[in-house]
2 protein chains.
Amino acid sequence: MSKKLTSRAEDYSKWYNELVVKADLAENSAVRGCMVIKPYGYAIWEKMQAELDKMFKETGHQNAYFPLFVPKSLFEAEEKNAEGFAKECAVVTHYRLQSDPEKEGKLRVDPEAKLEEELVVRPTSEAIIWNTYRNWIQSYRDLPLLINQWANVVRWEMRTRLFLRTAEFLWQEGHTAHATKEEAVEETKLMNGVYAKFVENFMAIPVIQGVKSESERFAGAEDTYCIEALMQDGKALQAGTSHFLGQNFAKAFDVKFANKEGKQDYVWATSWGVSTRLMGALIMTHSDDNGLVLPPNLAPYQVVIVPIYRNDEQFDAIAEVAKEIMNDLRDRGISVKFDKRDTLRPGAKFAQHELQGVPLRIAIGPKDLEDKTVEVARRDTLSKQSVILDRITVVMEDLLEEIQGNLFDRALQFRDEHITPVDNFDEFKKALETKGGFLSAHWDGTAETEDKIKELTKATIRCIPLDAKQEEGVCVYSGKPSSKRVLFAKAY
Amino acid sequence: MSKKLTSRAEDYSKWYNELVVKADLAENSAVRGCMVIKPYGYAIWEKMQAELDKMFKETGHQNAYFPLFVPKSLFEAEEKNAEGFAKECAVVTHYRLQSDPEKEGKLRVDPEAKLEEELVVRPTSEAIIWNTYRNWIQSYRDLPLLINQWANVVRWEMRTRLFLRTAEFLWQEGHTAHATKEEAVEETKLMNGVYAKFVENFMAIPVIQGVKSESERFAGAEDTYCIEALMQDGKALQAGTSHFLGQNFAKAFDVKFANKEGKQDYVWATSWGVSTRLMGALIMTHSDDNGLVLPPNLAPYQVVIVPIYRNDEQFDAIAEVAKEIMNDLRDRGISVKFDKRDTLRPGAKFAQHELQGVPLRIAIGPKDLEDKTVEVARRDTLSKQSVILDRITVVMEDLLEEIQGNLFDRALQFRDEHITPVDNFDEFKKALETKGGFLSAHWDGTAETEDKIKELTKATIRCIPLDAKQEEGVCVYSGKPSSKRVLFAKAY
């Protein structure tokens, strides 16, 4: 298989698809729209999970696990939520297969094993969880209830793309219950902030925190907070959402509590989630025409050592030095792999590690041993430098930090260069066509205008930034008055 | 809710069900046979996962993720496997719901959204994984392929019990591919050994390693290795299995590789798994009439500190000492919780921590502060001792180790006392009735005898122990010659 990728300039979408497969991150499966996450891709996801899980626990959340299936009667209880997901539900109707009497060796659904009530494979778990919370919550003493679940969910999307939009995906979903509206709103914002911090510090992706317009809200939410990132092709990507659900689910599932005064009231809710979609954001923010570029904080291994040798004796001498380097790096908490495969030449190894985005590569040859140096290559800048062996640990530690920072800075610069203030619809369309990115524009606040702009340009309101300033202006489309700018973009 | 449990002597099964719910481990859900794993139960499962995951990685395995759904045509490809699981499959037939024209506000399956091919919710993943491996394996260089998956699976069991047998459960499934039969057999044994080590060292449950008789094998396996444990009621529980799959799946899915000589051959396979069923084994091995008893290695928190006070001043003084103890314990890697809830009296807290199996409890009252002592209670022996404050860290560290060892020793003694050699069918039946446990008996090696014994006594062959000695004898049922003893028992 050729490792050469289509370039981004040639076909960004094709570049992405090829990169995901060739860098061994994921691939399509025999099941329509469902992906296989390969070990290298899964190792990155595991690192994300570990860090997020730690952040959730530090903010007082506990993990639990709820059923994969939602009985139809529960699924339909919260109407807006049901309406939002009904069109893309996988539905279990039978619980047994039997030998097909018409085709030998084949199976068919046993018509007698039809379920009395259909089961929806969870597209999200509010329904099953709030039905459970009814028994868990009696009094204010049971609140707040701060729970997270790591799980798979299924949304029967018609047009799927690896990581970005798949019929089955992995995610975490937080579901919390509170005694007051204020506390629930605070939780919603807190978790959106946790996502922002994670995505910026670990994934090195700058994000804009904001709230969604009503049309873009989660089905069943009163308010949806989000973090929005910008990809290299100028399209936005929603990287995480945190919903204030009001008392909608509490009312649909009759979840009440006795407050301190003994009065019964409905519970206030939030839910929040990020998914394997983040892998798509990671890839499309940092990678280049040579392949994946990984921030050191998420790389399955941060450093790879490639020996360059002509005979066993040379190999042994290099292996000894490599072992010392590895011990020193591991002592500092740096993950490192010695690529001693004898089935590939160094050049092929270099290409593979580049394709897979390993942040730093150390090459050691016989000449290096003599000089007591090694050659170090950075993945982010593709630059090389010779490093004195004695200094290698310190240099690597510094470089990893530098790369993490550089990736963020680079992405931030690109993002900031692609936020264009526009003041009328001509400017809007022109900026969208020529430059892409976020358009900072006044909007009259109506769904009608939002729909019209979407219809005409494919751009949607990504968010109303939390830090948007009050500013008198007129809507770019309708000319009606507006008091703050919102961000439009074409989006994944 | 009363915390008092039914005693084991009164009704073991009822005791178990009550314990699982009252100790906040799990509960039944609105979905038939599916459970909700509650935060406290999930925290134990997370500890199991973390340790197992580490052991898998140390033995060279990587994690990946494969689809939840298996298209029917793939599911039926390996006939024995398909036959084994067809009777208990949840089947997705449709991908959309719509408004029910006959019932306002209700949904129904959209008859036009019928899938061309039904999707089976994975009961196990051999089929979908081996269908994927076909593309991953071309040559001996791609082998061995050592992959594990953490996932949910669904088996539509008719009679379910929390943790022990649920329609959906969580597990890990290892799926490996090898160039030779020998290597695959070695892997099968290795992973069975990893399970044994984990269950003995972390769960403090002694196990017998063995192989299954043909009737008890995994559907599609050539050989099934297992670890068998004994519960307090004298019934056995299969705690983990590791299967040598021969070339069955490679042939069903056409997975061939070129060996070093360039010759094509089918790949050799193994699979192995443990599940949330282990939670059931943990509970039924150690717990008592007061509730759960947890081995320190798996306790969500190993130590709880309960303050005993009459006023704020006393509370503050105790809290200060508690804080010091917590810092010291945490420095030694001991997890500890300060139970400062003001909504419960100390006695109620003691009862709850006992019910939830916290290994060690420290109680601190005003008198203790004066004496510079604290009261320490062990969950495993229900004994109490006064400990000088200065010595508390060392004592706790020693006690945790002692408890871990004591639980194992206690379970081992019970298990060993319940392995009864029997030499004829009367002895067999009598021992089974009066004592339960494992019966070490000669068996003629036929499925016919095995079936007959099962029919007459409900006892099955749990395993042929790996360390069974060659010994001439006659089958307890048929009187035919036999060369080694096998273990029979009634089982979960």
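Structure shown above.
First, a word on scope: everything that follows refers to the structure included in this document. (Residues numbered from 1 in each chain as written. Chains lettered and ligands numbered in written order. Predicted model: local features only at pLDDT ≥ 70, side-chain atom pairs only at ≥ 80, totals over all residues. Heavy atoms only, no water.)

1. Re the pattern of salt bridges
All names here are of chain A. Rules: Salt bridge criterion: a side-chain nitrogen from Lys or Arg within 4 Å of a carboxyl oxygen from Asp or Glu. Strands are runs of DSSP state E lasting at least 2 residues, helices are runs of H or I lasting at least 4, and numbering of each runs from the N terminus. Relative accessibility decides the category of a residue: with a 1.4 Å probe and only protein chains considered, values under 20% of the type maximum give buried, values over 50% give exposed, and everything between is partly exposed.
Counted according to the given criterion, the structure contains 50 salt bridges over all chains. Two residues, Glu216 and Arg462, come together in a salt bridge whose shortest N-O distance is 4.0 Å. Taken as a pair, Glu216 in the loop between strand E11 (208-211) and strand E12 (223-230) and Arg462 in strand E24 (residues 460-465) lie far apart in primary sequence, 246 residues in all. Residue classification places Glu216 among the partly exposed residues on the basis of a relative accessible area of 25%. By relative accessible area, which is 4% here, Arg462 ends up buried. One salt bridge in this structure joins Arg341 and Asp339, with 2.8 Å as the shortest N-O distance. Relative accessible area serves as the criterion here: at 32%, Arg341 is assigned to the partly exposed category. Each member of the salt-bridge network shares a partner with another, and the members are Lys212, Glu216, Glu228 and Arg462.

2. Quick notes on the interface of chain A and chain B
Going by this rule: The contact definition used throughout considers only heavy atoms, calling two residues in contact when any of these lie within 4.5 Å. The buried area of a pairing is the accessible area, by a 1.4 Å probe, that goes missing from both parts when the two are put together, added over both. By the criterion applied in these results, polar contacts are pairs of N or O atoms within 3.5 Å in which, for protein atoms, one can donate a hydrogen and the other can accept it, and in which residues neighboring in sequence qualify only through two side-chain atoms. Gly is put with the polar residues, along with every residue not named as nonpolar or charged; the nonpolar set is Ala, Val, Leu, Ile, Met, Phe, Trp, Tyr, Cys and Pro, and the charged set is Asp, Glu, Lys and Arg. Pairing between strands requires that DSSP locate at least two bridges from one strand to the other.
Facing 64 residues of chain A, the contacting portion of chain B comprises 64 residues. Between chain A and chain B, roughly 5,200 Å² of surface is buried when both sides are summed, and carbon and sulfur atoms account for 67% of that area. Broken down residue by residue, the surface that chain A buries against chain B is led by Tyr65(A), Leu97(A) and Leu107(A), which jointly contribute 13%. The tally of links from chain A across to chain B stands at 4 salt bridges. With a closest N to O distance of 3.2 Å, Glu46(B) and Lys57(A) form a salt bridge. Our enumeration of links across chain A and chain B arrives at 30 residue pairs in polar contact (both at pLDDT 80 or more). Residue composition of the side of chain A that touches chain B, by class: 38 nonpolar, 10 polar and 16 charged. The pairing of strand E5 (residues 91-94) of chain A with strand E5 (residues 91-94) of chain B spans 3 bridges and is classified as antiparallel.

3. Points about the sheet that holds strand E11 (residues 208-211) of chain B
Residues and elements named next belong to chain B. Here is the rule: The axes used here are C-alpha line fits, helices contributing only the stretch in contact, and every angle between their N-to-C directions lies in the interval 0 to 180 degrees.
Strand order in this open sheet of 11 strands is E3-E9-E10-E16-E13-E12-E11-E24-E27-E23-E22, and the pairing throughout is mixed. Sheet topology places strand E3 (62-63) and strand E22 (419-421) at the edges, where each strand pairs with a single neighbour. Sheet topology places E11 next to strand E12 (residues 223-230); 4 bridges connect them, and they run antiparallel. Within E12, the residue paired with Val211 across the bridge is Tyr225. Strands strand E9 (145-154), strand E10 (168-178), strand E13 (236-246) and strand E16 (268-275) of the sheet are contacted by helix H5 (residues 126-136), whose axis makes an angle of about 30° with E10.

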